Amino acid sequence: MLNIDEFKIYLINDLLGVKRDPDIVYPNVSDSDWENYKSFAQNEDGTIQSTWRGYLLETLNEKILIDTGMGPGPYEHTKEGGQLINNLNNLSVSPEDINYVYITHTHGDHIGWNINWDSGKPVLTFPNAEYLISKFDFDFYSNNPNEDFLKQILPLKELGALRLIEGREKIVDKVFSLPANGHTPGHQCLVIEINESEKLIFTGDLFHNEAQIFENYWCPIFDWNTTMSTISRVGLLKSAEENNWLICTGHLSDSKAIGRIVSNNNKIAWEPIQI
Ligand SMILES: [Zn+2]
C-alpha cells in the first residue's frame, strides 16, 4: 500500500497475462532495437508479458476502483479465472463498498469485472458505484461494438450506472480525469493533484512495456491511432519526468508497477518504489 496524505493506493491484481512474442506486439521494432531493453523488459525466454490489474484508490470518504481487469474468466489462453474480487476481499473491501469505477479505456483487460452475467442478465458487480467511462470511447465503440463492449460497458447505461467523462473532470477532491487519447479514441488517465507541484498519475495503457518509457515512439499493435498515442505518451511521460510525478502503470510487474522517471546526466531511468 502506498500512503500519500489522505490517499491510499493498492495494487489489485486480476491475472498474469499471456506470454507474447515482441515481434508480433511491436511489429515496427527490430531485434536490435530491443537489445538495450531485453534484460529487464522481456522474460528470459524473450517473450513479453503484462499483468492485468486494477488499482484501489481510497480517500477519506470514497473508494475508487481504477479498471476492473480481465474478469472472472476462465481466460481462454491460460484457463485461469481473475482474482480481482478476491484481492479486494483480502483487503476487507467488498464490491458494495466501491463508490466509483473509473475506466481508463474500454479494452477487455480493463473492464472484465464491470458486469456479472451469472444469472443470464446483466447485474452490476459494484452495485453502489458510478462507472466513469470516456464519452469518446463510448461513442466510438457504440458504433463499432465488440463482445467486450456489449457485455461489460453497454449494459451500464440501462442499469443507470454510467457517467460519461469528457476531457478533464473532477471525480472527487483533488482527483481528475486526464485525457490521453490514442490507445483507444477516449483513453484517459487519472490524476491525483496532491499539491501545487506533486502529482500521481494512473496511466492505464499509455504504455504497455517498460521499454516504452525509454522509447516513447514504440507502439504496440493494440494502439488504435499510433500518432495520437505517441503524442499522448511523449507529452505525459516528459511532464512526469520533469516534475518528478509518481506513475502507477497499467501493466508492469508488481515490483515495478509504481515509480518515477528519473534522469541523471540526460539518461533516464525507471525508478520503482516498493509499496
Ligand atoms: Zn491493457
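Reference entry: report on the structure contained in this document. (Residues numbered from 1 in each chain as written. Predicted model: local features only at pLDDT ≥ 70, side-chain atom pairs only at ≥ 80, totals over all residues. Heavy atoms only, no water.)

1. Focus: the coordination of the zinc ion
No. 1: Ligation of the zinc ion by protein atoms is provided by Asp109 (OD), His110 (NE2), Asp205 (OD) and His251 (NE2), these donors lying 2.1 to 2.3 Å from the ion.
No. 2: Note that the zinc ion binds four donor atoms; their angles at the metal cover 89 to 163 degrees, and the shape is irregular.
No. 3: Mapping the donors of the zinc ion onto the primary sequence gives the spacing D-H-x94-D-x45-H. Residue His110 is located in the loop between strand S5 (100–102) and strand S6 (115–116), and its partner Asp205 is located in the loop between strand S13 (199–202) and helix H8 (211–214); the two are separated by 95 residues in the primary sequence. The same class applies to His110 and to Asp205, which are both buried. (Donors = N, O, S within 2.8 Å, 3.2 Å for Na, K, Ca; no water. Tetrahedral: all angles 85-135°; square planar, octahedral: opposite > 155°, others 65-115°. Helix = DSSP H or I, 4+ residues; strand = E, 2+ residues; numbered from the N terminus. Buried < 20%, exposed > 50% of the residue type's maximum accessible area, 1.4 Å probe, protein only.)

2. What to know about the pairing of S13
No. 1: Here strand S12 (residues 188–193) pairs with S13 via four bridges, running antiparallel. Its bridge partner being in S13, Val191 is matched across the sheet by Ile201.
No. 2: What sits between S12 and S13 in their antiparallel hairpin is a turn of five residues.
No. 3: Here S13 pairs with strand S14 (residues 246–248) via three bridges, running parallel. Of the residues in S14, the one forming a bridge with Phe202 is Cys248. (Pairing = 2+ DSSP bridges.)

3. Let's talk about a negative patch on the surface
No. 1: Taken together, the side chains of Asp21, Asp23, Asp31 and Asp33 make up a negatively charged region of the molecular surface.
No. 2: Inspection of the secondary structure puts Asp31 in helix H2 (residues 31–34).
No. 3: We classify Asp31 as partly exposed; its relative accessible area is 47%. (Patch = residues over 30% accessible without salt bridge, like charges linked within 9 Å, V, L, I, M, F, W, Y side chains within 5 Å. Areas by Shrake-Rupley, 256 points an atom, 1.4 Å probe, with all protein chains shown as cover. Salt bridge = Lys/Arg side-chain N within 4 Å of Asp/Glu carboxyl O. Lys, Arg positive; Asp, Glu negative; His and termini not counted. Charge placed at Lys NZ, Arg CZ, Asp CG, Glu CD.)

4. Re helix H5 (residues 135–143)
No. 1: All of the buried residues in H5 are Asp137, Phe138 and Tyr141. Burial along H5 is one-sided: seen end-on, the buried residues are contained in an arc of 100 degrees. Exposed side of H5, more than 90 degrees from the buried face: Phe136 and Asn143 are the residues found there.
No. 2: Where H5 starts, the residue carrying a side-chain oxygen 3.2 Å from the main-chain nitrogen of Phe136 turns out to be Ser134. (Arc of directions from axis to C-beta. Polar contact = N/O pair within 3.5 Å; in protein donor to acceptor, adjacent residues only side chain to side chain.)

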